[in-house]
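An overview of the molecular structure
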Amino acid sequence: MKTLIITLCFTMSIWSFNSFSQTGDELFKTTCARCHTIGKGQLVGPDLKGTMGKYSEKWLIKWIRSSQTLINDGDAKAKELYEKFNEIQMPDNDLLDEQIKSIIAYVKEQGGEVSAATATVSENKTTP
């Protein structure tokens, strides 16, 4: 029994280390790509091309970690996104802030930054 517990703890610590050491693109591919693309159209969730500059990093971290928490807390932008995408719940993610920031950086690098045309339209709206 002790061997089993030690093996499980060791395996989980390796998984945690590997998860933490993954780059933004690896984390995106393992965590986000099942539902999102960057410039290749909508899947289950929205295409992320041009979206990263619409929201603050602090808001994005909260959204990526648990969109339902933001929705349940009454965040207007979160509710709007949830309703826009047919109330399909994005799964919670047990990621560290640094991991989420690396995903955000990767999405920005791949075209997830707001374009000049989108930025002009977004200036008239309140950014969370």
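Each remark here, short or long, concerns the structure printed above.
One structure accompanies this document, and this report is about it.

Quick word on the nonpolar core
By size, the foremost hydrophobic cluster in this structure holds 25 residues, and its most contacted members are Phe-28, Trp-59, Trp-63, Ile-103, Ile-104 and Val-107. When sequence neighbours within four positions are dropped, the list of residues in contact with Ile-103 reads Gly-24, Leu-27, Phe-28, Cys-32 and Leu-95.

A look at the packing of aromatic side chains
Scanning the model with the defined rule gives three aromatic pairs in all. With 4.7 Å between their ring centres and 20° between their planes, Tyr-55 and Trp-59 make a pair best called stacked. As far as burial versus exposure is concerned, Tyr-55 and Trp-59 are alike and both buried. Aromatic pair Trp-59 and Trp-63: ring centres 5.4 Å apart, planes at 10°, arrangement stacked. Taken together, the positions of Trp-59 and Trp-63, both in helix H3 (residues 57-65) and four residues apart, correspond to about one turn of that helix. Both residues of the pair, Trp-59 and Trp-63, count as buried. Members of the aromatic cluster, each reached through a chain of ring pairs, are Tyr-55, Trp-59 and Trp-63.

Things to note about helix H6 (residues 97-112)
Over its 16 residues, H6 runs only 19 Å from end to end, short of the ideal 22 Å by more than 12%, given 1.5 Å per residue. Restricting attention to buried positions, one finds in H6 the residues Gln-99, Ile-100, Ile-103, Ile-104, Tyr-106, Val-107 and Gly-112. Along the axis of H6, the buried positions cluster into a sector of 160°, meaning they face one direction only.

Procedures and definitions
Each chain has its residues counted from 1, following the order in which its sequence is written. Per-residue local features are limited, in this predicted model, to residues with pLDDT of at least 70; the limit for side-chain atom pairs, both in listing and counting, is 80 or more; totals at the level of whole chains, interfaces and linings are taken over all residues. No hydrogens and no water enter the side-chain calculation; it runs on all heavy atoms of the structure. Here the nonpolar core consists of buried residues drawn from Ala, Val, Leu, Ile, Met, Phe, Trp, Tyr and Cys, with membership extended through side-chain atoms lying within 4.5 Å. Here's how the labels work: a residue is buried when its accessible area is under 20% of the maximum for its type, exposed when over 50%, partly exposed in between, all with a 1.4 Å probe on protein chains only. In what follows, residue pairs with any heavy atoms lying within 4.5 Å of each other are defined as contacts. Geometry of aromatic contacts follows a simple scheme: Phe, Tyr and Trp rings, the Trp one being its six-membered ring, pair when their centres are within 6.5 Å, and the pair is stacked under 30 degrees between planes, edge-to-face over 60, tilted otherwise. Each helix corresponds to a stretch of at least 4 residues labelled H or I by DSSP, and each strand to a stretch of at least 2 residues labelled E; elements are numbered beginning at the N terminus. Helix span is expected to be 1.5 Å times the residue number reduced by one. Starting at the helix axis, one direction is taken to each C-beta atom, and the arc is that of these directions.

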